[in-house]
Amino acid sequence: MRQSKLFTKTRKEAPKDEVSKSAQLLIKAGYIKKEMAGVYTMLPLGLRTLQKIQEIVRKNMNKIGGVEMNLTALQDPNLWEKTGRWDDKVLDVWFKTKLKNDTEVGLATTHEEPLTNLMKDHISSYNDLPVYPYQFQTKFRNELRAKSGIMRGREFLMKDLYSFSESKEQHDEFYEKIKKAYFDIYEECGIGDKTFLTFSSGGSFSKYSHEFQTETDAGEDIIYYSPSKKIAVNDEVYNDEVLKELGLEKSELVEKKTAETGNIFTLGERFSEPLELIFDTKEGERKPVFMGSYGIGIGRLMGVVAEILSDDKGLAWPESISPFDVHLVNVSGDNEDSVKLSDEIYEHLTQNGIDVLYDDRKKGVGEKLGDADLIGISKRIVIGVKGIESGEFDLYNRLNDKTEKVSESQIMNLEFIKKNGNN
Ligand code: ATP
Ligand code: MG
């Protein structure tokens, strides 16, 4: 894409009421627009990164047997009354609205109820189990505070997968698989080393659930982490009995400020029983399906990466989720040779399947490089008169802040893709 055609502009200042660092950077760089507190539009750059994260999550969910679908946002109160969750005192984040005939509908905060109900059409025997439907869907939550940018939206994209199993044993097997898949996702998004498996309270069907907590000052949670065991507990379950049970030494635990980037939950029969999702077992009994739910906030994940992988100058994406593969910056816009060479490189790389943002704008060097730092595309190639004279061009890696020199032929042979580290 030619940057002259990218309609978004960078800006010097974020809105005054935007306190979150990641949101400030994302707004200044033109990734998102704040519509109101907790509500953000995804601009072209933001959508690209969001979709790359989504693709990583999708790949890892498909790998463990996930089957993608899409449920509706509008929700029927009758269904939620059966599980007791239509009540605002039980689920305090509902957005509700009225139809023309005065009956109510809700905007989905989560999807256990409709999916459990839907699966009644498809699960009748143990032969139909296990199954793992999932979706990427916009959730609506009337969050009390929304000061963390896209890390806590009132409208946000979530990946939610639900497991339907014939037994606790079958469930547990999948539970371990998805734990690993989650870590692969955080790793690929560049925050694997800062994300910790955290024990949290589990509800009625298992003693614990698990959160994936990522260390960042912008987080709203506190965890207690054991460096030797590589697990943590959150403040809900931080007590002597739990520590003993998990074999954790209080003296060894490190307190960390974190953001919950995902969580996984054993639901058991919490929903299948009231909604009557019943199946025939091998032994010919009738039993409620054993369920689990598994969420990842896609926008929150993007916000957390932006918090962690950024510096004074701007964002610094890992290659895996950078909105473009390469930022091609022509710093000598008024020089014919430089324009010609930049155009050639742009055409050539694009034809070879590389996603290039080409800064072809009529602007000064300082502004162009400043914008490039702010936008934070993982690799940058700088073309200009100086480079043409010396035959060497700057190849800059935004994440590790290192510059190498590459020749025109190295660029044209796509050798630079291998060079400059894999961050
Ligand atoms: P939190 O304690 O942060 O409110 P939660 O326990 O309500 O999270 P879940 O309902 O389990 O979260 O949702 C699954 C995932 O969705 C969370 O792990 C988080 O990554 C993401 N998420 C939850 N609420 C929001 C929000 N308001 N904005 C963006 N992402 C969110
Ligand atoms: Mg919540």
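Residues numbered from 1 in each chain as written. Chains lettered and ligands numbered in written order. Predicted model: local features only at pLDDT ≥ 70, side-chain atom pairs only at ≥ 80, totals over all residues. Heavy atoms only, no water.

K.L.:
Any details on the sheet that holds strand β22 (residues 393–397)? Residues and values, ideally.
P.N.:
Across the sheet, which stays open at both edges, the 5 strands sit in the order β20-β19-β21-β22-β23 with mixed pairing between neighbours. The two strands at the open ends of the sheet, each matched to only one other strand, are β20 (356–359) and β23 (402–406). The average undirected angle you get between the axes of adjacent strands in this sheet is 20°. In the packing of helix α8 (residues 336–351) onto the sheet, the strands contacted are β19 (326–330), β20, β21 (379–383) and β22, and the crossing angle to β20 comes to about 170°. On top of the sheet, helix α9 (residues 365–375) reaches β19, β20, β21 and β22; it is set at about 170° to β19, its chief contact. (Pairing = 2+ DSSP bridges. Helix = DSSP H or I, 4+ residues; strand = E, 2+ residues; numbered from the N terminus. Axes fitted to C-alpha atoms, helices over the stretch in contact; angles between N-to-C directions. Contact = heavy atoms within 4.5 Å.)

K.L.:
Residues and numbers for the domain arrangement of the protein, please.
P.N.:
Split by domain assignment, the protein resolves into domain 1 (10–311) and domain 2 (324–419). Listed by partner, the interface residues are 11 residues for domain 1 and 8 residues for domain 2. Both sides of the domain 1 and domain 2 interface together cover about 830 Å² of buried area, and 57% of this is carbon and sulfur. Among the residues domain 1 hides against domain 2, the three largest losses belong to Thr10, Leu45 and Arg48. Together they make up 46% of the total. At the boundary of domain 1 and domain 2, one finds 3 salt bridges. Applying the counting rule to domain 1 against domain 2 returns 4 residue pairs in polar contact (both at pLDDT 80 or more). Every element with two or more residues in the side of domain 1 that touches domain 2 is listed here: α1 (21–28) and α2 (44–63). For the side of domain 1 that touches domain 2, the leading source of residues is α2, giving 3 residues. Here the side of domain 1 that touches domain 2 is composed, by residue class, of 5 nonpolar, 1 polar and 5 charged. (Domains from an automatic or database assignment. Buried area = accessible area lost by both parts, 1.4 Å probe. Salt bridge = Lys/Arg side-chain N within 4 Å of Asp/Glu carboxyl O. Polar contact = N/O pair within 3.5 Å; in protein donor to acceptor, adjacent residues only side chain to side chain. Nonpolar A, V, L, I, M, F, W, Y, C, P; charged D, E, K, R; others polar.)

K.L.:
For the site of ligand 1, give the residues involved together with the corresponding values.
P.N.:
Taken together, 13 residues surround ligand 1, and among them Arg141, Glu143, Arg152, Glu260 and Asn263 come closest. At 3.1 Å, a backbone N or O of Gly297 approaches an oxygen atom of ligand 1. In the complex, 81% of the free accessible area of ligand 1, which totals 590 Å², lies under the protein chains. Those elements that provide at least two residues to the shell around ligand 1 are β8 (155–165) and β13 (254–268). With 4 residues, the top contributor of residues to the shell around ligand 1 is β13. Counted by class, the shell around ligand 1 contains 3 nonpolar, 5 polar and 5 charged residues. (Near = heavy atom within 4 Å. Areas by Shrake-Rupley, 256 points an atom, 1.4 Å probe, with all protein chains shown as cover.)

K.L.:
With reference to specific residues and values, describe the pattern of salt bridges.
P.N.:
Overall, the coordinates contain 34 salt bridges when judged by the stated rule. With its nearest N and O atoms 2.6 Å apart, the salt bridge here joins Lys405 to Asp394. Linking Lys405 in strand β23 with Asp394 in strand β22, this pair joins segments that are 11 residues apart in sequence.

K.L.:
How would you summarise the sheet that holds strand β6 (residues 104–107) if you had to cite specific residues and measurements?
P.N.:
Read from one edge to the other, the open sheet built from 3 strands follows the order β4-β6-β5, with strand pairing classed as antiparallel. Looking at which strands have only one partner, the edges of the open sheet turn out to be β4 (74–75) and β5 (95–98). Pairing between β5 and β6: 4 bridges, direction antiparallel. Paired with Phe95 across the strands is Leu107, a residue of β6.

K.L.:
Let's hear about the side chain of Asp160: which residues, and what values?
P.N.:
Its location among the elements puts Asp160 in strand β8. Relative accessible area serves as the criterion here: at 2%, Asp160 is assigned to the buried category. At 2.6 Å, the side chain of Asp160 forms a polar contact with the side chain of Lys139. Side-chain polar atoms of Asp160 contact the side chain of Tyr162, separated by 2.6 Å. (Buried < 20%, exposed > 50% of the residue type's maximum accessible area, 1.4 Å probe, protein only.)

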